[in-house]
Amino acid sequence: MAIIGSTASGKSAVAMAVAAHDPSVELISVDSMQVYRAMDIGTAKPSAAQQAAVRHHCIDLVEPTEEFTVARFKQAHRTATVDIATRGGSAVLVGGTGLYHRVAIDDFDLPGEWPGIRAELDSSDNATLYARLAELDPAAIAKIEPENRRRLVRALEVAIGSGRPFSSFGPGVDHYPATGTPQVGLRWPRDVIAERVEERVHDMMQRGLLAEVVDLRERGLSKTAGQALGYKELLLHLDGEISQDGAVQMIVTRTRQFAVRQERWFRRDPRVRWIDVEHDPVAEVAPVVTTMIVEQIESQQ
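What comes next concerns the included structure. What you see is a predicted model, and the numbers here were worked out from it, not measured in a lab. (Residues numbered from 1 in each chain as written. Predicted model: local features only at pLDDT ≥ 70, side-chain atom pairs only at ≥ 80, totals over all residues. Heavy atoms only, no water.)

1. A look at the pairing of strand β2 (residues 25–29)
Here comes step 1: Most of β2 is tucked away, with 5 of its 5 residues classed as buried.
Here comes step 2: In β2, alternate side chains face the same way, and those of Val25, Leu27 and Ser29 on one face and Glu26 and Ile28 on the other are all buried.
Here comes step 3: Judged from the 5 bridges that link them, β2 and strand β4 (residues 90–94) form a sheet pairing that is parallel. Among the inter-strand pairings, Val25 is bridged to a residue of β4, identified as Ser90.
Here comes step 4: In this structure, β2 lies alongside strand β3 (residues 56–57), joined through 2 bridges in parallel fashion. Each residue of the ladder has a partner; that of Leu27, found in β3, is His56.
Here comes step 5: The parallel pair β2 and β3 is bridged by helix α2 (residues 48–53), and the resulting crossover is right-handed. (Buried < 20%, exposed > 50% of the residue type's maximum accessible area, 1.4 Å probe, protein only. Helix = DSSP H or I, 4+ residues; strand = E, 2+ residues; numbered from the N terminus. Pairing = 2+ DSSP bridges. Right-handed = clockwise from strand over helix to strand, strands pointing away.)

2. Here we look at unusual backbone geometry
Here comes step 1: Of note in this structure, Ala8 is not a glycine but carries a positive phi near 70°.
Here comes step 2: Here Ala8 lies in the loop between β1 (2–5) and α1 (11–21).
Here comes step 3: The exposure class of Ala8 is buried, given its relative accessible area of 7%.
Here comes step 4: Positive phi, close to 65°, is recorded for Cys58, a residue that is not glycine.
Here comes step 5: In this structure, Cys58 sits in the loop between β3 and α3 (70–86).

3. Digging into the packing of helix α9 (residues 190–206) against helix α12 (residues 244–267)
Here comes step 1: Interaxial distance between α9 and α12 falls to 9 Å at its minimum, and their mutual angle equals 135°. With respect to each other, α9 and α12 are oriented oblique. The handedness of the crossing between α9 and α12 comes out as right-handed. Contacts between α9 and α12 involve Arg190, Ile193, Ala194, Val197, Glu198, Val201, His202 and Met205 from the former and Gln244, Val248, Ile251, Val252, Thr255, Arg256, Ala259, Val260, Glu263, Arg264 and Arg267 from the latter.
Here comes step 2: A class-by-class count of the residues in the contact of α9 with α12 yields 10 nonpolar, 3 polar and 6 charged. (Axes fitted to C-alpha atoms, helices over the stretch in contact; angles between N-to-C directions. Parallel < 35°, antiparallel > 145°, perpendicular 65-115°, else oblique. Left-handed = near helix turned anticlockwise from the far one by under 90°. Contact = heavy atoms within 4.5 Å. Nonpolar A, V, L, I, M, F, W, Y, C, P; charged D, E, K, R; others polar.)

Okay, here's the thing in structure tokens:
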């Protein structure tokens, strides 16, 4: 079972309500930044109390100084599902990292890694990377935005390292095969999500996000961790490049933009059962998810 949707849509609250109703439910985080220890407030990581009440997986896997890849997530997800199965539990995926989600439900064939090539590519600017990938893999470049440096580097790393186009690995994210994982999507009007995002960002600041970033800055952050929304902008503030108010507004703007991209990514999947939330995501969505879990279990018996 999977609960998806954009940031601030209420996915986690629904998942916790489902788990409270059914003690056999265990949650698997599908969030590329919740894997980092000490990155708690800005990633909306479940609290210690929530983790004590419901068993969570794929959270706090590595230090923020480490790089984390989708391949590592695939292995962590596989380990979690086996662990849950040994207790006869029901796994519920919850999170908004689209590629991680597809890897979990569709078991993508992932290419290897070539750190040396990646390091060489890191010295090039985005325009150079984009032009080179356009020559090596036109099919891949059609699906990657010029400013998405991480994906540009990864696609080139694979193309050069494997000698095969990045787009040749698996059917790709535009293919939606039959899956044994039912999906429920939370959908709000975009203006409402925009408001929820702003409220959430200000709440994070009140709960100590700036202090969290100060501590992480002293410890050191990997390139991937340092790109996380909320952290990247406050690091600019701490480096004296923008004011704190400017950083907060930047977080709000970028998170709203990210929410739109998430919604576009997920809505392309015809397998998702969408629920248009009007007021309360828990009251309106949790009963549907609970019923679908029961139906899934019965179909497997």
